[in-house]
Amino acid sequence: MGLFSKKQKEAKVTTFLVLPKELLYLVDLAIKAIDSWQIEYEIEFKIGEVTHQIGIDYDRTKAPKKGYSPEYMSVFLDEQKFVSLNELWENTLIDGNHFNLLGREIELDIIYKEPLETGDIETYYETL
């Protein structure tokens, strides 16, 4: 028998590659889905071997105790915080490189593929 005589099992795909704009689109979907129960949100991703986080933060100490007030929300990428996605897009650096100039090198968990394709992150929330 030769080396390739047995069928090899295909490895199950667990991640996929996206562009920075696609990653921001996921965060924008999460912002649009905010309610008083689900305000903070974090998406973990990798570039090469390094893991990063992007998401939504909410200042619960300064915000009114009931409901949701958008002025207390911010977005972040790792330790960098911004008041808007546009500001994050234009000013974020990852390992000395501008985030918005990265190519298709952002690796996401496959669970984000459907929300990215359908634009429906609320269905994703229900599966958690």
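It should be emphasised that the depicted structure is a prediction, and the values quoted were computed from it without experimental measurement. (Residues numbered from 1 in each chain as written. Predicted model: local features only at pLDDT ≥ 70, side-chain atom pairs only at ≥ 80, totals over all residues. Heavy atoms only, no water.)

K.L.:
Explain helix 1 (residues 20–32) to me, and be specific about the residues and the numbers.
P.N.:
Under the 1.5 Å per step criterion, the end-to-end length of helix 1 is 19 Å for 13 residues, consistent within 8% with the ideal 18 Å. Among the residues of helix 1, Pro20, Leu23, Leu24, Leu26, Val27, Leu29 and Ala30 are the ones counted as buried. (Helix = DSSP H or I, 4+ residues; strand = E, 2+ residues; numbered from the N terminus. Expected span 1.5 Å × (residues − 1). Buried < 20%, exposed > 50% of the residue type's maximum accessible area, 1.4 Å probe, protein only.)

K.L.:
Please provide a residue-by-residue account of the pattern of salt bridges, values included.
P.N.:
Scanning all chains against the criterion turns up 4 salt bridges. Note that lysine 32 and aspartate 28 form a salt bridge whose closest N and O atoms lie 2.9 Å from each other. With a gap of 4 residues between them, lysine 32 and aspartate 28 both fall in helix 1, about one helical turn apart. Residue lysine 32 is classed as exposed on the basis of its relative accessible area of 62%. Note that glutamate 117 and lysine 113 form a salt bridge whose closest N and O atoms lie 3.5 Å from each other. Of this pair, glutamate 117 and lysine 113 both sit in helix 3 (residues 113–118), 4 residues apart, roughly one helical turn. Using a relative accessible area of 33% as the deciding quantity, one classes lysine 113 as partly exposed. (Salt bridge = Lys/Arg side-chain N within 4 Å of Asp/Glu carboxyl O.)

K.L.:
Explain the sheet that holds strand 1 (residues 15–18) residue by residue, including any values.
P.N.:
Taken in spatial order, the 6 strands line up as 1-8-2-3-4-5 in an open sheet, and their pairing is antiparallel. Whereas interior strands pair on both sides, the edge strands pair on one side only; in this sheet they are strand 1 and strand 5 (80–82). Here the average twist between neighbouring strands, direction ignored, is 30 degrees. Alignment of strand 3 (residues 50–58) against strand 4 (residues 73–77), held across 5 bridges, turns out to be antiparallel. From the neighbouring strand, aspartate 57 faces strand 4, where its bridge partner is serine 74. The sheet strands contacting helix 1 are strand 1, strand 2 (41–47), strand 3, strand 4 and strand 8 (106–109), and the helix crosses strand 3 at an angle near 30 degrees. (Pairing = 2+ DSSP bridges. Axes fitted to C-alpha atoms, helices over the stretch in contact; angles between N-to-C directions. Contact = heavy atoms within 4.5 Å.)

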